[in-house]
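Understanding the architecture of this molecule
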Amino acid sequence: MTEIKPRVFSGVQPTGNLHLGNYLGAIKRWVALQASHECIYCVVDLHAITAQLVHDDLPGQIREIAAAFIAAGIDTDRHIVFNQSRVSGHAELAWIFNCVARMGWLNRMTQFKEKAGKDRENASVGLFTYPDLMAADILLYRATHVPVGEDQKQHLELTRDIAQKFNNDFSARIAALGLGVPMDVGAETVNGYFPLTEPMIEGPATRVMSLRDGTKKMSKSDPSDLSRINLTDDADAISRKIRKAKTDPDALPSETAGLASRPEADNLVGIYAALADRSKADILSEFGGQQFSAFKPALADLAVEKLSPIAGEMRRVLADPAEVDRLLAKGAERADAIALPILADVKRIVGLL
Ligand code: TYM
C-alpha cells in the first residue's frame, strides 16, 4: 500500500501585476511553509488562457510570476517551482476530472459567475471547467495542503468533492490494484486513492480588500491602480496609495470587535498585522485610540520596508530571463517525476491502459 505524504501545492495565474493580496494571502505564507513541508509552487499558465485567450506577452508574465516567487523567498533548490503547461499531466488529469465532476457542481461556482458576467454564453468552455483543472493541479501530486486566499475556498471544496467521487466510484478497482490508502471521511475510515485536500486559509489577510472600497476584494482586474499595491510598486507609489486609501473619520479601536462594520479600518489593520507577522489584536493594542493620520505613515513605512526588497530582487532575477527559463524547466522535470507514476496509477484505475 502506498503512503500519501504531506505535500503542499499552490499556484498563481500569470495575468497582470501581482498585488499585495496575492502576496499576503498566498506567497508570503508559502515561504513560511517551506520549513515544515515539501512544497510545489506553480505558475498556472493554462488557467491564464481561460478568461482571455490572447495575451501580449504571456512568456514575460510567466517569468515575472516565477521571479516574484523567487524574490519573495521560495527556494528553488529545496522545493519545486515550474509553469503548469510544461507538465502535460495537468491537462490529462483535468480531462478525466471533466468526466468526474458534474455540471451541477460547476454551475454553482461563484467565480465563474463573476468572471463570465452577463455574457455567459460567450464565456470559454475552459473558464467553466477551470475548477477541474485546478483540482488536477493539486491531485496530480496527491497534495494534502493548499495555502490560498479566501476567494479559492469554493474551488478547494470542489477538489475534495472530485477526490471523493473518484475514490467512491472506483473503490473496487482501487482495492483490487492495491492502491488504496486509509483516510478519514467524517466518522468512517475508507480506502481511497486521492487525499481529501486541506485548504489552508489562515492569518489576518486571507481577503485583502481594495484600498478604494473596503467592501471589494483587491484584484488585478480593478481599473483603478490606486485600489491595489503592486509588488513592483516603488516606495513613492506604495506611500501615496496608502496615504490616499479610503478610511472613516474615527480613531482606531483598541480591540478587534471595534473593527466590525468598519471595512476600510479592518483592511488596513489586517494588512499591517500580516506584514508584521503579528495579530490584529496586537496591532490594536499598540495603535488603538490613534487617528489614521498617525497609523497610515506607520503602515506605509512598514509596507515599503517589507515590499521594496522584493521588487528589487524581482528586477535582479528578471534581468536574466534565460536563467528563469532554466529554473522553470528544471522545476518541471522534478514535478513530472512525481506526477508520472500518479497519472499511471489513475489510468490503471480508470482502465485506460
Ligand atoms: P490567483 O492567481 O487569482 O491568485 C493567487 C493567490 O492569491 C490569492 N489572492 C488573494 N488573497 C487575499 N486577498 C486578495 N485580495 C487576494 N487576491 C488573490 C488567491 O486566493 C490565490 O491563493 N485559481 C487560482 C490559481 C490556481 C491554484 C491552483 C491555486 C490554479 N490552480 C491549485 C491553488 C491550487 C487563482 O486564480 O489564483
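Fair warning: this is a prediction, and the values are worked out from it, not measured in the lab. (Residues numbered from 1 in each chain as written. Predicted model: local features only at pLDDT ≥ 70, side-chain atom pairs only at ≥ 80, totals over all residues. Heavy atoms only, no water.)

Here the focus is the site of the ligand. Around the ligand, the structure places 28 residues, and the nearest of them are Gln 13, Tyr 130, Asp 137, Asp 151 and Val 208. Interatomic distance of 3.1 Å between a side-chain N/O atom of Asn 22 and an oxygen atom of the ligand. Taking Asp 137, its side chain carries an N or O atom lying 2.6 Å from a nitrogen atom of the ligand. Isolated, the ligand exposes 720 Å² of accessible area, and the fraction of that covered by the protein chains is 96%. Applying the majority rule of atoms within 2 Å of the grid points places the ligand in the largest pocket. For the shell around the ligand, the secondary structure elements donating two or more residues are strand S1 (7–12), helix H1 (20–33) and helix H7 (125–139). Its residues assigned to classes, the shell around the ligand comprises 12 nonpolar, 11 polar and 5 charged. (Near = heavy atom within 4 Å. Polar contact = N/O pair within 3.5 Å; in protein donor to acceptor, adjacent residues only side chain to side chain. Areas by Shrake-Rupley, 256 points an atom, 1.4 Å probe, with all protein chains shown as cover. 1 Å grid on protein atoms, 1.4 Å probe; cavity = no way out; pocket = protein on both sides within 12 Å on 5 of 7 lines; lining within 4 Å. Sits in = over half its atoms within 2 Å of the grid points. Helix = DSSP H or I, 4+ residues; strand = E, 2+ residues; numbered from the N terminus. Nonpolar A, V, L, I, M, F, W, Y, C, P; charged D, E, K, R; others polar.)

Of note in the backbone geometry, Arg 142 takes a positive phi value of approximately 45° without being a glycine. Checked against the element boundaries, Arg 142 lands in the loop between H7 and strand S4 (145–147). In this structure, Asp 277 takes a positive phi of about 55° despite not being glycine. Residue placement: Asp 277 occurs in the loop between helix H11 (263–276) and helix H12 (280–287).

With 30 residues, helix H14 (residues 321–350) extends 41 Å from end C-alpha to end C-alpha; this agrees with the ideal 44 Å at 1.5 Å per step. For H14, the principal kink sits at Ala 339 and spans about 30°; a proline, Pro 341, occurs within the next four residues. Of the residues trailing H14, Gly 351 is marked for its positive phi of about 95°. (Expected span 1.5 Å × (residues − 1). Bend = angle between axes of the 7 residues up to and from the residue.)

Running from amino to carboxyl end, H11 crosses helix H13 (residues 292–318) at an angle of 40°, the nearest separation of the two axes being 10 Å. Crossing of H11 over H13 shows left-handed handedness. Only Phe 292, Phe 295, Lys 296, Ala 298, Leu 299, Leu 302, Ala 303, Lys 306 and Leu 307 of H13 make contact with H11, whose side of the interface consists of Ala 265, Leu 268, Val 269, Ile 271, Tyr 272, Leu 275 and Ala 276. Counted by class, the contact of H11 with H13 contains 14 nonpolar, no polar and 2 charged residues. (Axes fitted to C-alpha atoms, helices over the stretch in contact; angles between N-to-C directions. Left-handed = near helix turned anticlockwise from the far one by under 90°. Contact = heavy atoms within 4.5 Å.)

Glancing now at the layout of surface pockets. Volume-wise, the largest pocket comes out at about 1,300 Å³. Lining the largest pocket are 47 residues, and of these Gln 13, Lys 115, Asp 151, Lys 217 and Lys 220 sit closest to its centre. Those elements giving two or more residues to the lining of the largest pocket turn out to be S1, H1, helix H2 (45–51), helix H6 (110–116), H7 and S4. Partitioning the lining of the largest pocket into residue classes produces 16 nonpolar, 20 polar and 11 charged. (Points joined across faces, edges and corners; volume = space filled by probe spheres on them.)

What follows concerns the environment of Ala 116. Note on placement: Ala 116 falls in helix H6. Beyond its immediate stretch of four places on either side in the chain, Ala 116 contacts Ala 123 and Leu 127.

For the rest of this paragraph, the subject is the domain arrangement of the protein. Many structure descriptions define interface size as the accessible area lost when the parts assemble. Assigned domains of the protein: these are domain 1 (7–202 + 320–350) and domain 2 (225–317). Computed from C-alpha coordinates alone, the two centres of domain 1 and domain 2 are separated by 30 Å. With 15 residues of domain 1 at the contact, the number on the domain 2 side is 15 residues. Of the roughly 1,400 Å² buried between domain 1 and domain 2 on both sides combined, carbon and sulfur atoms contribute 73%. Three residues, Leu 20, Tyr 23 and Ala 71, lead the burial of domain 1 against domain 2; their summed loss comes to 35% of the area buried on that side. Between the two partners, domain 1 and domain 2, sit 5 residue pairs in polar contact (both at pLDDT 80 or more). (Domains from an automatic or database assignment. Buried area = accessible area lost by both parts, 1.4 Å probe.)

This structure, assessed with the given rule, holds 21 salt bridges. We note a salt bridge from Asp 277 to Lys 28, for which the minimum N-O separation is 2.6 Å. Taken as a pair, Asp 277 in the loop between H11 and H12 and Lys 28 in helix H1 lie far apart in primary sequence, 249 residues in all. Between Asp 266 and Lys 280 there is a salt bridge, with its nearest N and O atoms 2.7 Å apart. (Salt bridge = Lys/Arg side-chain N within 4 Å of Asp/Glu carboxyl O.)

Our focus in this paragraph is the side chain of Arg 29. Structurally, Arg 29 is set in helix H1. The buried charged residue Arg 29 lacks any salt bridge, with Glu 202 as its nearest oppositely charged partner at 4.2 Å. Among the polar contacts made by the side chain of Arg 29, one reaches the main-chain carbonyl oxygen of Met 200 at a distance of 2.7 Å. Not counting residues up to four positions away in its chain, the partners in contact with Arg 29 are Leu 24, Pro 147, Val 148, Met 200, Ile 201 and Glu 202. (Buried < 20%, exposed > 50% of the residue type's maximum accessible area, 1.4 Å probe, protein only. Lys, Arg positive; Asp, Glu negative; His and termini not counted.)

So, on to empty space enclosed by the protein. Overall, the coordinates contain 2 cavities of 30 Å³ or more when judged by the stated rule. Reported here for the largest cavity is a volume of approximately 60 Å³. Counting residues per element, the ones that place at least two in the lining of the largest cavity are H6 and H7. Here the residues of the lining of the largest cavity sort into 5 nonpolar, 2 polar and 1 charged. Roughly 30 Å³ of volume is contained in the second largest cavity. Forming the walls of the second largest cavity are Ser 210, Leu 211, Gly 214, Ala 245, Lys 246, Pro 263, Glu 264, Asn 267 and Leu 268. Per-class residue counts for the lining of the second largest cavity are 4 nonpolar, 3 polar and 2 charged.

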